[in-house]
Amino acid sequence: MCEGSRGLREVVPNQSVPPPIREFTVSTGAAQSTLQDIKLPDTAGGYTYCYDGATPALANRTLYWRTQGDTIEINEVSLNYNLVGSRVKFRFVDTPLLPGITVHESWGNVVVLVPTVGSVHKLSFPHPTRLEGKGISGVEGGLMSVLGEASVNTARECQHVFNWPASTPLPSTASTYFTQDEESIFVLGNTTGQLTCVKLGRVRGMTSVNSLAAPSSYLGRVWTSITRSQQDMSTQPTSFIITLLGGQLSLLAVCKDHKIRAWSLSSYECVLATDLVQFTAESGRQMVSGSQGHRVSLVQGEDGGKEQVVAIYMCFQQHSQFLLVRVSSQAGQLAVTPVTTVYSPDYDLVGFSASDRGLVGVWTSSEGDTVVRRTVVGGVGWDTVTTCDTDMLAPEELELNNEEDPRQVYLGALFAPGAFLASTLVKTVAIFRRSVEREEGVSWDRLRAEVVSAVECEVQGSLQEYEVTDEDYVLASRAAWARFYSCACQYRSAGLQPMGLVASKDTTAVMLIRRELITWLRPVEALEQVVVTGGVGITTDIFSDIPPISANPGLASDVLHLLVASSMVGRMLPPGTINTFSDAVARLHSPDLVSKSIAQEVLADQDQPGAMGEVMGRIGLVQDMQQGMECLLYCLELDRGSVSSGELDISDVEREGVCRVFSSTLGTSVVAESLRQQVETRLWLAQQLLVTQHLVMGCGSSAGLAPTTLDMIQSTFLPRTTVMVHCYSVLHWLCSAPARPPIHSAIQQSLRQMAVLRLGENSSPVPPAKENTSILELFLAGPGTRVRAVVGDVGGDAWLLALPPLTNMTAQLLWPRCAAPTFLHFLLTSCQHSLIQQYCRLLSTWCDWHCHARQFLLATALLNMCEQEKAVDLFLSAAGGVPQDQFLTEHLLNLSGDTADDLTVSYFLRVISLLEQFSCPDLVITLAETGLAVAPQTHPERATLAYILFSYHLKLGHNDDAYDAMVSNPDTLRRKDSLRQFLVTLFDRGELAVLSGYPYIDMLDDVENIIESRARSADLSVNNYYDFLYSFHVLKENYRKAAHVMYECGARLGLELNSLTGLKKQAQSFLACINSLKLVNPKYQWIVKPGHTTNTSKSPKHGLDGEEKEINATSSMEVLELLDIEKELILTQARLKLCTFANGNSEPVASLPLTPGLTAVETVSLLVASNLYMDAVNLCITFKLPRSMNSVVEGLAAKCAKLSNSRGAEVSAAWTWLAENRPGGKEVQGEDAVEASWQLLEHIVTTQEEAGCSSLYRSAVSRLASSSCSFPPWLLAGYKKRDCSELIRLYHQLGYIELAGELAIEYIMAVMGVGAEYFGLEGGLSATSKPAWVPWTVLDRLFLELKENSSHAGVKNVKERLEGTVEKYLDLVEKVSNDMVAQRAG
């Protein structure tokens, strides 16, 4: 279809949140008294950048402006890129702006020429090509706008301020131009017809101001003086433009006298004056100018400056018309020739744009409605352009057939995506609540709350009574909401007031600038144009680009007749028909029943008796009903599209770079709104077709239709049309459904779910929904990027080459019967759970396509909305589609598996992984049990399902079920892992009795190994694994293992838990170990020392046959027998007593005894220091420590010596430690502590001294001597009997030479028979007695010592006595010797 035959339709992108604006105030120095009364009309215009195909940043990019009084607002928009800093406002103080603002592209700059009544300004901005590489961080697809660096100096940098004389009227119109030499031309005209030309040179300061000659100068100087007196206001230019004519810069103006005049801007003379009426049908008549005045506009671009085509709007009192004339230069003279004339509609013109393709104009009717018309080259008359003014529902239409809460209804309409600007709602709230300030940048949530609060206050104010009925409150609420909505609609209507048009020579679309927003007039498709126009003026040529129809003129004619007949039926339907269908679909009723009821009402209606005849007459013109309906449904159905049928996979399309066509926020909204309009049109067409078929069924027989045709309609086309109504109803709902911005936690949760479902790598990332955004815009911003990749960057008109495939492929992706999973993937990741529920609900009663996939989708939505039970039911229902539903199995979830069982089990595992993200273990158990039920016994994933079942049973405390799931796991490794988890969990819960009650079948060794491993790795302060393992072995009557466990526990406690509690536990562990070994045969009362890898159940000494093994000298194995363990127990008990016993006035010794690795010798020393002598003695006996026994005696002897010299409290306190030293377990004897301590010393020395030894006596005597204490008689008596010579030597060493001498005398006398019993001798020295030994060496040393100290009287006495005794002994020895010789001789 050629461009000219396409109709236009206004599309309004979502502009609810405008970009931030920067405001600048420019003071021109104008006099307030002079300028304050100037009133000029508000204007608007724009400029579309020239796109050469090489600079992507220029495509679909427009700079436009609006003026209001002395303020100009400049905006830059791009449909391909998000622009930053794209909105500025300049206020020229007290100098209203004139019409004639223009934008021009120069080398590296964009120039905006702004004329005001008191000044002219050249605003220069950097060209987009200079900013193309400057991306904005944090803004997807963002570029810096040319306005991003604007400032107040931008308007002041190049300007000229006028100083008009007081008698001269101020300018009221202007025109601007920018030459190739970068010279700015301004021409300003006032109400008297005076024209002033200002030229601002390229260099600042080069400014010239000149007045143009009067129009009469064109007649010559002679006629000037003659006609000057007759000059009136008829020559005043009402509109003018600057252009090149004949190679010279000229001003073309249309004047009140209906003439076109031209001035040369080099000579400033009038060079042309031609009457325009002569070129019209009114030639020769006297025409009177209308109220709006004539306007002129340039039609086509410069062609060497030789000629220009100009469009002139001529406004007369009788009518208005557009006159296109060609102004050309011939032989140095300008000539005007007519091109064409088009009569204008009878409305008030706002603006128009003329191009070589045709003319587009915008008008306002007397009722304030916007009227847009277009005429094309070669066309006849005007084509009506559908505007957005009719899209807004009136309050009474909003509640028609709606029984919902009025607050919900009106809030849905007020906050529908793109329905109202935030500023509009703020102004409306301010009307209802005067105290509310009109804030900028208010959030939508707060704005919603303000709206609700304002209306609720209005409701409360309208109720007179304190208590009202529900009905009265609903009526008051409905009225208040209707008033608020009506007020908002009025503000919106004011904001929709048209201000101007912006046309581009590169595209067919036209931008329409309204008071508060901008819209585009886009080309429409064939079906859309037929439905919108009702078929009026439409021929079969419109189907030239639809392959099935274009090649068959007869078929095209039949389709057109069917479309026209449907449009006629649509005009016959009641006003609320669309709402009736919408309510029926929302209530899940069949559209077939609704259309049948409507058809019956139409047939029963007598108000239009001839209408049905016209419809049936048009139906009768159809030659082939079957083929015509088939072709029409083919055009409506999207099932056969390349995307929806699966023929084209958009995920496989790869292009270099990023396709930017319609990718900005505004461009995405344009695509979304265009698609919504197309879907809405097709839905209305499908509804009309449905009613038309029912009408044909009711009147077909009387209209002469064949019965086979009626049967074909009833059996084939009627059901298919019903499905079409369903499908397009869902699409229409999706196009307008609002997306809710998710919270951050919901986004993170969605990402985790996608990772679990393994969908992240196959689907496009979905940006979080913003406020006041539709779900369709969100879809286009996410997966829509892949659609743009399929379309690619087009080199021509994007509105013709890119927008139709974009909308078509997007509609195919949204189509309920689409084979591509893109939309369902998008819903899974979009966090729009409420919308998913509604979507699945709308398709639940009629759509059999992908039902299992939708069940899965709905289940995920319910899961995120805390309805897990419903979600699991749906998950189980969706499992019925595996593997039959390939859409769910392959496309949506991409399950892996070779067989149906593999796919089913993979599905259950995927769903279980999803449920694990939520706190619902009972539901995971349900799915795992179902998965086990459907999985074959030999399936490899049964182990995984069994493990999952075990884990969640254990988590819920179902111990028996967990045990059953564990033992039923076919995988040995998984079973062992489960056993470890089972044991540890029950240990942590303290359910030891339950744990020991299970039989464990063939897992006993694993149980032991696991518990031992846990015991060795766990903290001993809270470790009860050893206790359980001990009781477990005792229960199994394996006492040696029990002993081994407890010994290991005790050994670790001694090393790791250095505290009193650890010491107590260590003693208990050794006791338990000994107790277990006591129950074993004495032959096996041994264990292997822990820390070796040898199995404790096998003998290290004997083989299995009982024979002794050869001992390997290099083996590091150590065997502990019962006696060894008892020794460690005694040592531990001694350390424990050290920690708990208080030594008299001192504190318990709590640090040193806890030291790990403390030896028996060190422990004896600590015991002696703590006065625990009997414990020290026992330790010495046990570990055979004779040297340590000496230290015990020395310590006790020192204590006795100290007590002997003590008095009072210290002696009384000694009973404390004496009570702990009970010899043989008996009570300590003695009248006082001193006597008891000496008795304790006597007991230890006499009982522990070995036969033939005297080390203990020696230690006692030495210690007492060092303490200057007298020796107890029993000590000396005992020492004399054991080793008198050592005692003599000891006395000598200690310096007691007198005592040594006395003892030597006594000993020699005992040898001679005097007192022999005191020294252990039997009788005296005789020939028949046993020989006796006298220590002569000791005596020699003693004699020497006595001799050296003989100066002392006592020593001398002892010496003399000793000498005498020795002499007697020697005499006796001689005598005895002689007797012995005699006896032997005799």
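Residues numbered from 1 in each chain as written. Predicted model: local features only at pLDDT ≥ 70, side-chain atom pairs only at ≥ 80, totals over all residues. Heavy atoms only, no water.

**Regarding the overall build of the protein**
Looking only at helices and strands, one finds 49 helices and 35 strands in the protein. Here the C-alpha radius of gyration of the protein, 57 Å, is well above what a compact globule of 1386 residues would show, namely 34 Å. Each principal axis of the C-alpha distribution contributes one length, and for the protein these read about 205 × 90 × 75 Å. Classification of the 1386 residues of the protein by burial places 52% in the buried group. Here the analysis covers contacts within the protein between residues at least 6 apart in sequence; of these, 62% occur between residues at least 24 apart. For the protein, the accessible area works out to roughly 62800 Å², and carbon and sulfur atoms hold 50% of it. Within the protein, one finds 109 positive and 150 negative side-chain charges whose respective centroids are separated by 6 Å. (Helix = DSSP H or I, 4+ residues; strand = E, 2+ residues; numbered from the N terminus. Rg over C-alpha atoms; globule rule 2.2 N^0.38 Å. Buried < 20%, exposed > 50% of the residue type's maximum accessible area, 1.4 Å probe, protein only. Contact = heavy atoms within 4.5 Å. Areas by Shrake-Rupley, 256 points an atom, 1.4 Å probe, with all protein chains shown as cover. Lys, Arg positive; Asp, Glu negative; His and termini not counted. Charge placed at Lys NZ, Arg CZ, Asp CG, Glu CD.)

**Notes on the environment of Leu-633**
By the element assignment, Leu-633 lies in helix H16 (residues 625-636). For the pair Leu-633 and Tyr-343, spaced 290 residues apart in sequence, the C-alpha to C-alpha distance is 40 Å. In this structure Leu-633 touches Phe-717, Arg-720, Thr-721 and Met-724, once residues within four positions along its chain are discounted.

**A short note on the pattern of salt bridges**
Enumeration over the complete set of coordinates arrives at 38 salt bridges. Glu-76 serves as the salt-bridge partner of Arg-61, at 2.7 Å between the closest nitrogen and oxygen. Here Arg-61, found in strand S4 (residues 61-68), pairs with Glu-76, found in strand S5 (residues 71-78); they are 15 residues apart in sequence, far enough to count as distant. Notably, a salt bridge pairs Arg-91 with Asp-70, separated by 3.5 Å at the nearest N-O pair. Of this pair, Arg-91 sits in strand S7 (residues 87-92) while Asp-70 sits in the loop between S4 and S5, and the two are 21 residues apart along the sequence. (Salt bridge = Lys/Arg side-chain N within 4 Å of Asp/Glu carboxyl O.)

**Quick notes on the packing of helix H42 (residues 1186-1204) against helix H44 (residues 1233-1248)**
Two numbers describe how H42 lies on H44: the axes approach to 9 Å, and their chain directions differ by 160°. Considered as vectors, H42 and H44 are oriented roughly antiparallel to each other. The chirality of how H42 crosses H44 is left-handed. Between H42 and H44, the contacting residues are Met-1189, Val-1193, Leu-1196, Ala-1197, Cys-1200, Ala-1201, Leu-1203 and Ser-1204 on the first element and Ala-1233, Val-1234, Ser-1237, Trp-1238, Leu-1240, Leu-1241, Ile-1244, Val-1245 and Gln-1248 on the second. (Axes fitted to C-alpha atoms, helices over the stretch in contact; angles between N-to-C directions. Parallel < 35°, antiparallel > 145°, perpendicular 65-115°, else oblique. Left-handed = near helix turned anticlockwise from the far one by under 90°.)

**Quick look at the pairing of strand S18 (residues 248-255)**
Here S18 lies mainly inside the structure; seven of its eight residues are buried. Direction of pairing for strand S17 (residues 237-245) relative to S18: antiparallel, over a ladder of eight bridges. Within the sheet, the bridge partner assigned to Ile-242 lies in S18 and is Leu-251. The loop that links S17 with its antiparallel partner S18 comprises two residues; one of these, Gly-246, has a positive phi angle of about 60°. Note that S18 and strand S19 (residues 259-264) share five bridges and pair antiparallel. Looking at the pairing, Val-254 lines up with Ile-260 of S19. With antiparallel pairing between neighbouring strands as the criterion, S18 and S19 make up a hairpin whose turn holds three residues, including His-258 at a positive phi of roughly 65°. (Pairing = 2+ DSSP bridges.)

**Brief notes about the packing of helix H24 (residues 822-829) against helix H26 (residues 851-864)**
Where H24 contacts H26, the axes come no closer than 10 Å and their chain directions differ by 10°. Relative to H26, H24 is oriented roughly parallel. Between H24 and H26 lies a crossing whose hand is left-handed. On H26, the residues touching Leu-824, Leu-827 and Leu-828 of H24 are Ala-853, Phe-856, Leu-857 and Thr-860. Taken together, the residues that form the contact of H24 with H26 break down as six nonpolar, one polar and no charged. (Nonpolar A, V, L, I, M, F, W, Y, C, P; charged D, E, K, R; others polar.)

**Observations concerning the nonpolar core**
Ranked by internal contacts, the top residues of the largest apolar core, which has 216 residues, are Trp-520, Phe-662, Phe-856, Tyr-907 and Phe-982. The biggest single contributor to this core is helix H17 (residues 665-703), with 16 residues. Once residues lying within four places of it in the same chain are set aside, the contact partners of Trp-520 are Arg-9, Glu-10, Val-11, Pro-13, Val-77, Leu-79, Ala-509, Val-510, Met-511, Leu-666, Val-670 and Trp-799. Judged by nonpolar contacts, the second largest core, of 79 residues, contains Met-1189, Leu-1287, Ala-1310 and Leu-1342. (Core = buried A, V, L, I, M, F, W, Y, C linked by side-chain atoms within 4.5 Å.)

**A closer look at the sheet that holds strand S1 (residues 8-11)**
Ordered in space as S1-S31-S30-S29, the four strands form an open sheet in which the pairing is antiparallel. The sheet is open, and its two edges are formed by S1 and strand S29 (498-503), each paired on a single side. Averaged over all pairs of adjacent strands, the angle between strand axes in this sheet comes to 25°, irrespective of strand direction. Sheet topology places S29 next to strand S30 (residues 510-514); five bridges connect them, and they run antiparallel. Residue pairing across strands places Pro-498 opposite Arg-514, the latter belonging to S30.

**Observations concerning helix H29 (residues 900-915)**
Here H29 contains 16 residues, and its C-alpha end-to-end distance of 23 Å stays within 8% of the 22 Å for a straight helix at 1.5 Å per residue. By the criterion of burial, H29 is predominantly enclosed, with 12 of the 16 residues buried. Every buried residue of H29 is accounted for by Leu-903, Thr-904, Val-905, Ser-906, Tyr-907, Phe-908, Leu-909, Arg-910, Val-911, Ile-912, Leu-914 and Leu-915. Looking at the buried residues of H29, the elements they touch are helix H19 (744-757), H26, helix H27 (868-878), helix H28 (886-892), helix H30 (921-934) and helix H31 (942-955). (Expected span 1.5 Å × (residues − 1).)

**A look at the packing of aromatic side chains**
Any aromatic ring pair is given by two values, namely how distant the centres are and how the planes are angled relative to each other. Scanning all chains against the criterion turns up 42 aromatic pairs. Centroid distance Tyr-1257 to Tyr-1279: 5.9 Å. Interplanar angle 35°. Geometry classified as tilted. Note that Tyr-1257 is positioned in helix H45 (residues 1255-1266) and Tyr-1279 in helix H46 (residues 1273-1294), a separation of 22 residues in sequence. Judged by relative accessible area, which is 4%, Tyr-1257 ranks as buried. Residue Tyr-1279 is classed as buried on the basis of its relative accessible area, which comes to 0%. (Phe/Tyr/Trp six-rings, centres within 6.5 Å; stacked < 30°, edge-to-face > 60°.)

**What to know about the environment of Ala-150**
For Ala-150, the location among the structural elements is in the loop between strand S11 (142-144) and helix H3 (152-156). Classification of Ala-150 by relative accessible area gives buried; the value is 7%. Expressed as a C-alpha distance, the spacing of Ala-150 and Pro-738, which sit 588 residues apart in the sequence, is 36 Å. Sequence-distant contacts of Ala-150, that is, excluding residues within four places in its chain, are made with Arg-22, Phe-24, Val-88, Phe-90 and Phe-125.

**Some thoughts on unusual backbone geometry**
Peptide bonds are mostly trans, and most non-glycine residues show a negative phi. In this chain, Val-882 is followed by Pro-883 through a cis amide linkage whose omega measures 5°. Structurally, the position occupied by Pro-883 is in the loop between H27 and H28. Of note in the backbone geometry, Asn-60 takes a positive phi value of approximately 55° without being a glycine. Structurally, Asn-60 can be placed in the loop between strand S3 (44-48) and S4. Backbone geometry places His-850, a non-glycine residue, at a positive phi of 55°. Within the secondary structure, His-850 sits in the loop between helix H25 (833-843) and H26. By relative accessible area, which is 16% here, His-850 ends up buried.

**Describing the sheet that holds S4**
With mixed pairing, the five strands of this open sheet are ordered in space as S2-S7-S5-S4-S3. Across the chains shown, the open sheet's two edge strands, defined by having one partner strand only, are strand S2 (22-26) and S3. The average undirected angle you get between the axes of adjacent strands in this sheet is 15°. Pairing analysis gives five bridges linking S5 to S7, with the strands arranged antiparallel. Residue Glu-73 lies in a different strand from S7, and its bridge partner there is Lys-89.

**Here's the deal with the environment of Glu-916**
Within the secondary structure layout, Glu-916 lies in the loop between H29 and H30. On the basis of relative accessible area, Glu-916 is assigned to the partly exposed category, the value being 36%. For the pair Glu-916 and Ala-476, spaced 440 residues apart in the sequence, the C-alpha separation amounts to 50 Å. When residues no more than four places from it in sequence are discounted, the contact partners of Glu-916 are Ile-948 and Tyr-952. Separated by 3.3 Å, the side chains of Glu-916 and Tyr-952 make a polar contact. (Polar contact = N/O pair within 3.5 Å; in protein donor to acceptor, adjacent residues only side chain to side chain.)

**What about the confidence of the model for the protein?**
If pLDDT is low for a region, its predicted coordinates should not be looked at in detail. The predicted model of the protein has a mean per-residue pLDDT of 85, with 91% of residues at 70 or higher. With pLDDT under 50 throughout, residues 220-231 is counted as low confidence; its partners more than four residues away or in other chains account for five contacts. (pLDDT = per-residue confidence, 0-100.)

**Quick look at the state of the cysteines**
As enumerated under the stated definition, the model contains zero disulfides in all. A disulfide-free cysteine, Cys-457 has its sulfur positioned 16 Å from the sulfur of Cys-487, the nearest such atom. (Disulfide = S-S within 2.5 Å.)

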